[in-house]
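Structure assessment
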Amino acid sequence: MPRFAALLVALLALVVPAAVAFDPPEPDPVPQRWEFEFKPGPLRIAEVRVNGEARLYAYMTYDVANYSGEDLQLVPGFTLATSAGQVSPSGLGVPRQVTEHLLGRLQSPYLQDQITI
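Residues numbered from 1 in each chain as written. Predicted model: local features only at pLDDT ≥ 70, side-chain atom pairs only at ≥ 80, totals over all residues. Heavy atoms only, no water.

**Some details on the overall build of the protein**
To keep things clear, this is the line we draw: Starting at the N terminus, helices and strands are each numbered in turn, a helix being any DSSP run of H or I of at least four residues and a strand any DSSP run of E of at least two. Here the term buried applies to any residue with accessible area under 20% of the maximum for its type, exposed to any over 50%, and partly exposed to those in between, with areas from a 1.4 Å probe on protein chains only. Residues are treated as being in contact if the distance between any of their heavy atoms lies within 4.5 Å. In short, Shrake-Rupley with a 1.4 Å probe defines the accessible areas, and a residue's cover is counted only from the protein chains shown.
Along its length, the protein carries 2 helices and 4 strands. Secondary structure elements in the protein, listed N-terminal to C-terminal, are α-β-β-β-β-α. Buried residues in the protein amount to 9% of all 117 residues. For the protein, long-range pairs separated by at least 24 residues make up 43% of all intrachain contacts whose partners lie at least 6 apart in sequence. For the protein, the exposed surface amounts to about 10,100 Å²; the carbon and sulfur share of it is 58%.

Structural data, given as structure tokens:
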């Protein structure tokens, strides 16, 4: 065991200084490409009936602001990962009626689904 501990300390000594030597990236004062301002809302769970069966769906709303002065295309994509290692891309296998139900429930004229936005 003592050799393992010494080896671990030696490896940490090699890794830590290299990680500390680099500064994190900072945004350009003059952006080279357009940028959106993105503010995520909380992740929520909704129970929606599909073909008579109640199912749970995770969803979130978010605000996106475009200050570029021109229309730009936004293609949002999200992935939900669970602690059990399951990975689900947003919208995959979600019936259109679920999206319509949630948009109706939230009742905001500014809401759009992930495709329309």
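**Details of unusual backbone geometry**
Excluding glycine, most residues fall at negative phi; most peptide bonds, likewise, are trans. Of note in this structure, Asn51 is not a glycine but carries a positive phi near 55 degrees. Its location among the elements puts Asn51 in the loop between β1 (37-50) and β2 (53-65).

**Section: the pairing of β1**
Selection criterion: Strand pairing requires that DSSP identify at least two bridges connecting the strands.
Bridging between β1 and β2 involves 12 bridges; their strand directions are antiparallel. Bridge pairing in β2 links Phe38 to Val64. Between β1 and β2, which pair antiparallel and follow one another directly, the connecting turn spans 2 residues, one of which, Asn51, has a positive phi of 55 degrees.

**Topic: the nonpolar core**
Test applied: Residues enter a nonpolar core if they are buried and are Ala, Val, Leu, Ile, Met, Phe, Trp, Tyr or Cys, with the set joined through side-chain atoms within 4.5 Å.
Residues Ala46, Val48, Val50, Tyr57, Tyr59, Val98 and Leu102 constitute the largest nonpolar core, which totals 7 residues. Per-element accounting of this core gives the leading share, 3 residues, to β1. Aside from chain neighbours lying at most four places away, what touches Val50 is Tyr57, Pro95, Gln97 and Val98.

**Points about the pattern of salt bridges**
Oppositely charged side chains can form a pair if their charged atoms are brought close together. Going by this rule: Every case where a carboxyl oxygen of Asp or Glu lies within 4 Å of a side-chain nitrogen of Lys or Arg is listed as a salt bridge.
Applying the stated rule across the entire model yields 3 salt bridges. Between Lys39 and Glu37 there is a salt bridge, and its shortest N-O distance comes to 3.4 Å. By relative accessible area, Lys39 is classed as partly exposed at 48%. For the salt bridge of Arg96 with Glu100, the shortest nitrogen-to-oxygen distance reads 3.3 Å. Taken together, the residues Arg96 and Glu100, both in helix α2 (residues 96-106) and 4 residues apart, mark about one turn of the helix. Residue classification places Arg96 among the partly exposed residues on the basis of a relative accessible area of 47%. The network of salt bridges with common partners includes Arg96, Glu100 and Asp113.

**Topic: the environment of Val48**
Mapped onto the elements, Val48 comes out in strand β1. For Val48, a relative accessible area of 3% translates into the label buried. Through-space distance from the C-alpha of Val48 to that of Val98 is 6.6 Å; in sequence the pair is 50 residues apart. Not counting chain neighbours up to four residues away, the residues in contact with Val48 comprise Glu53, Ala54, Arg55, Tyr57, Val98, His101 and Leu102.

**Remarks on the confidence of the model for the protein**
Close inspection of predicted coordinates is inappropriate in any region flagged by low pLDDT. This is how it is decided: The predictor rates its confidence in each residue with pLDDT, a number between 0 and 100.
Within the protein, residue pLDDT values average 79, and 75% of them lie at 70 or more. In the predicted structure, residues 1-19 sits below a pLDDT of 50 and forms 1 contact with residues beyond four places in sequence or in another chain.

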